[in-house]
Structure formats: structure tokens, C-alpha cells
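Residue-level listing of the chains:
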Amino acid sequence: MCYAIPGKIVELQGKIAIIDYFGEKRKAINDFIEARIGEYVYAQGGLVVAKVPKKKAEEILNFWKNRFFELKSLDKRMSEVKVKGSPKFLYLIEKTTKSELTKKEMIEIIKTNRENDLKLLFETANNIRQRFHGNSCCVHGIIEFSNYCENNCFYCGIRKDSKIKRYRMSIKEIVETAKEAVKKYGFKSLVLQSGEDFWYTEEKLLRIVKETSKLGILLFLSIGERSEKTYEKLYNAGARGVLLRFETSNEKIFKKLRPGKSLKKRISLIKNLRNMGYIIATGFLIGLPGESEKDIVNNILLTKKLKPEMYSFGPMIPAKNTPLENHKQVDKNLVLKTIALSRLIDKKAKILVTTALETLDKNAKKQGLLSGANSLMINVTPLKYRRLYGIYPNRAGSDKEIDENIKETVDLLYSLGRAPTDLGL
Ligand code: 5AD
Ligand code: SF4
């Protein structure tokens, strides 16, 4: 099983490697393992993360050779815009290709509910995705290593006050799980996620990062707010990505739902982490109480301003025994519209279909991928722990073996003409 296609370095321009994939040239930063011209490598998130022995690379490329072009042409066919939409809406959509939309126009798009206009929106976003990103879809693995959290976010099922069964994976367990994800299942990028759990001291985190980044992967941390000093040390130990959502750009809502926390501080941390060199994945929740369409647009615009490599946003799913357990769940179309509008506004970033969206119904993952998204995550947490990471109920894939989740995802991607790859910048 393979989640990234090896490419051959054909040129080096300082720290930038030019990598060839079946004649397509992509750029990736080559300061992590310093590969040389002629060598085969894996690139993830624009970074060369591992060398691949020539024989193994040729075997994999042989497997991909025909499939690569077949999938590409299927994706191209599937991403043509076929629907017309109403003239007024068509005008809005056409405007996105020529100039910037005003905020008012963006809100209008988020409010759209006419069937043909929605189709036009999704098809256009999918078409932009195809033109700017090709058919590659990155598939990261995620390990949820602790459900302890010191915070009390109103929406979250693992908040401090939730009376749930808690777990922490030992350093050894985390490293073993990561090894299995890389060696057995072929992941080239992993996210290590937990609540804000200071039982994992800086020293423990450093050990985890050193051991896991050695596996030749792009390692993302999703551990909440830690000091910049700690994050800097973790970067030097081999972590290269941070997944940290700002949750909402509305200061009032933030203050109410995240007691004791500051939106300004969180945003400033995200910016500083980017300046430190981290690849950023960030975003927000959709459907928080008090949120309007204008807030959603502001959330998209703030995400763009933070210049992330990847947008990560999803519906808030009411969780039992939290202050929001009786709050109304958002409509799936609102999430799809948010994906599509994000794609119209930011053509270059990756957009993730989150597990929360997948949880809404069994078609949601496919629809997300057909509305402008081009990234997925597969949960590789050991099952006995995965069930306990209950930030919200009935999470998609939380009861399935990893093999089964992978097969389902790969089958879906192939049926859409997508290749589970990450082809660099
Ligand atoms: N529904 C959906 N997502 C949630 N998160 C927390 N609680 C919920 C919920 N009830 C998200 C937050 C956090 C991420 C790890 O999980 O956005 O950043
Ligand atoms: Fe903790 Fe994150 Fe849940 Fe907030 S959303 S309670 S910080 S795990």
C-alpha cells in the first residue's frame, strides 16, 4: 500500500529540489535529509522527507505508471463544470476567476440554497481544485495519543469536566504505533494529536518527536498551546507541521466557549509557528452557537490570512454531557459550501475533509472531495484508545480496523480519479 509516489530528483536549486513524476516537475524543500540529484525521494507537504532505494522506487513507479494517467484522465472528466446555475449566481462564480469577491458576495454564496446554484458552486470548486492541484490527494495518518485535557471548551466531549474514561499512550506505544503506520501501512505523514495534556512534558514530547520523525515522515503536532520555546525545540527535534485551529474568529464566541483562553494569543502563536518554519494546518468549527454566515466568511478569510498549507474545518457535532449537547447540528450543505467557498478564495491551499464531516453521513466524504477538498486523514490510533477519544459521538471510522479504513478510502479515491499522493509544492 502506498500513499506517496516516489519522484526522482532531476535538479537542485540551492535548497530546492526539482522532482520528476512521470514527466511532471514539482518543487520541494530539500533540507531535511539532503538528497542528491538522481536519487528517488518521497515529498510531503513540500518537503523531501525520505529517500527511496532505486529498486523499490522503480517497482512502485511501475505499479503506478498506467494507473497514474488513467486516474488523471478520470479526474479531469469528473471535474468538468456541467451545470449552469441562475444568471446572478453564475455572475458571482465567474467573478471569482477574474477578481476578488467582496465580503457581501461571499456571504451570498454561503447563503445559497437553490439546487442548481449549489451544484454550480461545488462543480466550480472541484474544477479549480483539479486545475491547481491535479488529482493528488494527501492522506495523513493520525494518532490520538491522550484524551486528557486541561481545558473546558464547551463543545468538546473530552473537556476537563467530562466524566469519561481517560487514557494516555506511553512513549513506547506512540512510537510503536507510528512505526506500524509507516512500515506496515505506508503512511508518509503522521499527525500526533492529544488534548492539552501537560503530563507530556517538553522532555517527553522531545523523545516522542525524535523517535517518530526518524521514520522518514512529515510529522505534524496537534497538541494545543505550548510555549514557543517548546515548539522551537520540537522543530529542531524533527517536527515540521502543526495542526492548530483558531476555532472561531469571533472574539465573543471564542471567549464564551473557550473559558480562560485568548483568541489573540492563539492567532499570534499560529503566526509565530509559521515564522519558525512549521507547515501550518488551521481552521475553525462550523455551527457554533451565535455564529452567522458572516462569521463563517470571516473564518475563511482569517484562515487564508494565516497562510496555511492546509485548511482544517468541520461541523461542530454536539457531544453528550457538554454544555452544547442540545445544540442543533449544522446542515451538511453548509460545510460543503464552506469547502467550496474556501476553494474559490484560496486556490493553492489544501483543504481537508475532516472526520467530523465524514461523520455527518456516508456520502459526505465523497461530496467534500467533489466540492474542492483534496486531503484526508485516516485514524491509526489503536482501536481500544480510538473509541475513547470522544470529542464528539459516533466518529466515522472509529470502530473499524485500519486496513478496512484504508481500503475504503483508497477505493473511494480511485472511483473519483484521485491518487493518494503528495507531489510536493
Ligand atoms: N465536534 C466537532 N469537532 C470538535 N472539536 C472539538 N469538539 C468538537 C465537536 N464537538 C475539534 C476542535 C479541535 C479539534 C481537535 O477537535 O476544533 O480543534
Ligand atoms: Fe481540549 Fe481541544 Fe477539547 Fe478544547 S477542543 S477541550 S483544547 S481537546
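Quick look at the structure, then. (Residues numbered from 1 in each chain as written. Chains lettered and ligands numbered in written order. Predicted model: local features only at pLDDT ≥ 70, side-chain atom pairs only at ≥ 80, totals over all residues. Heavy atoms only, no water.)

**Re the site of ligand 2**
Phase 1: All residues in the neighbourhood of ligand 2 are listed as Cys-149, Asn-151, Cys-153, Tyr-155, Cys-156, Ile-158, Arg-159, Gly-195 and Arg-258.
Phase 2: A per-class count over the shell around ligand 2 returns five nonpolar, two polar and two charged. (Near = heavy atom within 4 Å. Nonpolar A, V, L, I, M, F, W, Y, C, P; charged D, E, K, R; others polar.)

**Considerations on the site of ligand 1**
Phase 1: Taken together, Tyr-155, Cys-156, Gln-193, Arg-245, Glu-247, Leu-285, Pro-315, Met-316, Ile-317, Ile-391 and Tyr-392 make up all the residues around ligand 1.
Phase 2: Residue Tyr-155 places a main-chain N or O atom 2.8 Å away from a nitrogen atom belonging to ligand 1.
Phase 3: Residue Ile-391 places a main-chain N or O atom 3.4 Å away from a nitrogen atom belonging to ligand 1.
Phase 4: Within the complex, the protein chains bury 87% of what would otherwise be the 410 Å² of accessible surface of ligand 1.
Phase 5: Split into classes, the residues belonging to the shell around ligand 1 amount to eight nonpolar, one polar and two charged. (Polar contact = N/O pair within 3.5 Å; in protein donor to acceptor, adjacent residues only side chain to side chain. Areas by Shrake-Rupley, 256 points an atom, 1.4 Å probe, with all protein chains shown as cover.)

**Quick notes on the packing of aromatic side chains**
Phase 1: Enumeration according to the criterion identifies 12 aromatic pairs in this entry.
Phase 2: Here the aromatic rings of Trp-199 and Tyr-200 are separated by 4.7 Å at their centres, their planes lie at 85°, and the arrangement is edge-to-face.
Phase 3: What makes Tyr-200 buried here is its relative accessible area of 1%.
Phase 4: With a centroid separation of 4.8 Å and an interplanar angle of 10°, the aromatic rings of Phe-284 and Phe-313 are classed as stacked. Remark: Phe-313 occurs in the loop between β12 (310-311) and β13 (314-315) and Phe-284 occurs in the loop between β10 (279-282) and β11 (285-286); sequence separation between them is 29 residues. Of the two residues, Phe-284 and Phe-313, neither departs from the other in class, the shared state being buried. (Phe/Tyr/Trp six-rings, centres within 6.5 Å; stacked < 30°, edge-to-face > 60°. Buried < 20%, exposed > 50% of the residue type's maximum accessible area, 1.4 Å probe, protein only. Helix = DSSP H or I, 4+ residues; strand = E, 2+ residues; numbered from the N terminus.)

**Remarks on the sheet that holds strand β9 (residues 241-243)**
Phase 1: An order of β14-β12-β10-β9-β8-β7-β6-β15 is seen for the eight strands of this open sheet, with the pairing classed as parallel. Edge positions in the sheet fall to β14 (350-351) and β15 (375-379), since each has one partner strand and no second.
Phase 2: Of the strand pairs in this sheet, strand β6 (residues 138-146) and β15 are connected by five bridges, and their pairing is parallel. Paired with Ile-142 across the strands is Asn-379, a residue of β15. (Pairing = 2+ DSSP bridges.)

**Structural notes on the environment of Phe-89**
Phase 1: One can find Phe-89 in helix α2 (residues 87-98).
Phase 2: A sequence separation of 29 residues divides Phe-89 from Leu-118, and the C-alpha atoms of the two residues are 9.4 Å apart.
Phase 3: Those residues within four positions of Phe-89 in sequence are excluded, and the remaining contacts are Ile-109, Thr-112, Asp-117, Leu-120 and Leu-121. (Contact = heavy atoms within 4.5 Å.)

**Here we look at the packing of α2 against helix α4 (residues 115-133)**
Phase 1: Direction vectors running N to C along α2 and α4 enclose 15°, while the axes themselves pass 10 Å from each other. Compared by their axis directions, α2 and α4 come out roughly parallel. The two elements α2 and α4 meet at a crossing, and its hand is right-handed. For the pair α2 and α4, the contacting residues are Phe-89, Leu-90 and Ile-93 in the first and Asp-117, Leu-120, Leu-121 and Thr-124 in the second. (Axes fitted to C-alpha atoms, helices over the stretch in contact; angles between N-to-C directions. Parallel < 35°, antiparallel > 145°, perpendicular 65-115°, else oblique. Left-handed = near helix turned anticlockwise from the far one by under 90°.)

**Topic: unusual backbone geometry**
Phase 1: Within the chain, Glu-34 stands out as a residue other than glycine whose phi angle is a positive 50°.
Phase 2: Along the polypeptide, Glu-34 turns up in the loop between β3 (24-29) and β4 (40-44).
Phase 3: Here Glu-34 falls in the exposed class, since its relative accessible area comes to 56%.
Phase 4: Its identity is not glycine, yet Glu-247 carries a phi of approximately 75°, on the positive side.
Phase 5: Relative to the assigned elements, Glu-247 resides in the loop between β9 and α8 (251-257).
Phase 6: What makes Glu-247 buried here is its relative accessible area of 11%.

**What about the environment of Tyr-185?**
Phase 1: Note that Tyr-185 resides in the loop between α5 (171-183) and β7 (189-194).
Phase 2: Between the alpha carbons of Tyr-185 and Glu-228 there is a distance of 33 Å; along the sequence they are 43 residues apart.
Phase 3: Within the local environment of Tyr-185, its side chain forms a polar contact with the side chain of Lys-184, the two groups lying 3.3 Å apart.

**As for helix α3 (residues 103-111)**
Phase 1: Residues of α3 that are buried: Glu-105, Met-106, Ile-107, Ile-109 and Ile-110.
Phase 2: Packing partners of the buried residues in α3 comprise α2, α4, α10 (293-305) and α11 (332-345).

**As for the pattern of salt bridges**
Phase 1: Per the counting criterion, the structure on display carries 28 salt bridges.
Phase 2: Between Lys-365 and Glu-358 there is a salt bridge; the shortest N-O distance is 3.7 Å. Pair check on accessibility: Lys-365 and Glu-358 agree, each one buried.
Phase 3: A salt bridge links Lys-407 to Asp-411; the nearest nitrogen and oxygen atoms lie 2.6 Å apart. With a gap of four residues between them, Lys-407 and Asp-411 both fall in helix α15 (residues 402-415), about one helical turn apart. (Salt bridge = Lys/Arg side-chain N within 4 Å of Asp/Glu carboxyl O.)

**Re the side chain of Glu-144**
Phase 1: Mapped onto the elements of the fold, Glu-144 is located in strand β6.
Phase 2: Of note is the side chain of Glu-144, whose polar atom sits 2.7 Å from the side chain of Arg-395.
Phase 3: In contact with Glu-144, other than residues within four places in its own chain, are Tyr-167, Met-169, Gln-193, Asn-379, Thr-381, Arg-386, Tyr-389 and Arg-395.

**Structural notes on the nonpolar core**
Phase 1: Ranked by size, the top nonpolar core spans 107 residues in total, and within it Leu-190 and Tyr-278 carry the most contacts.
Phase 2: Listed in part, the 35 residues of the second largest apolar core include Ala-4, Ala-17, Ala-43 and Val-191. (Core = buried A, V, L, I, M, F, W, Y, C linked by side-chain atoms within 4.5 Å.)

**Details of a negative patch on the surface**
Phase 1: A cluster of like negative charges, contributed by Glu-176, Glu-180, Glu-401, Asp-403 and Glu-404, occupies part of the molecular surface.
Phase 2: When contributions to the negative patch are tallied by element, the ones reaching two or more residues are α5 and α15.
Phase 3: Its location among the elements puts Glu-401 in the loop between α14 (383-386) and α15. (Patch = residues over 30% accessible without salt bridge, like charges linked within 9 Å, V, L, I, M, F, W, Y side chains within 5 Å. Lys, Arg positive; Asp, Glu negative; His and termini not counted. Charge placed at Lys NZ, Arg CZ, Asp CG, Glu CD.)

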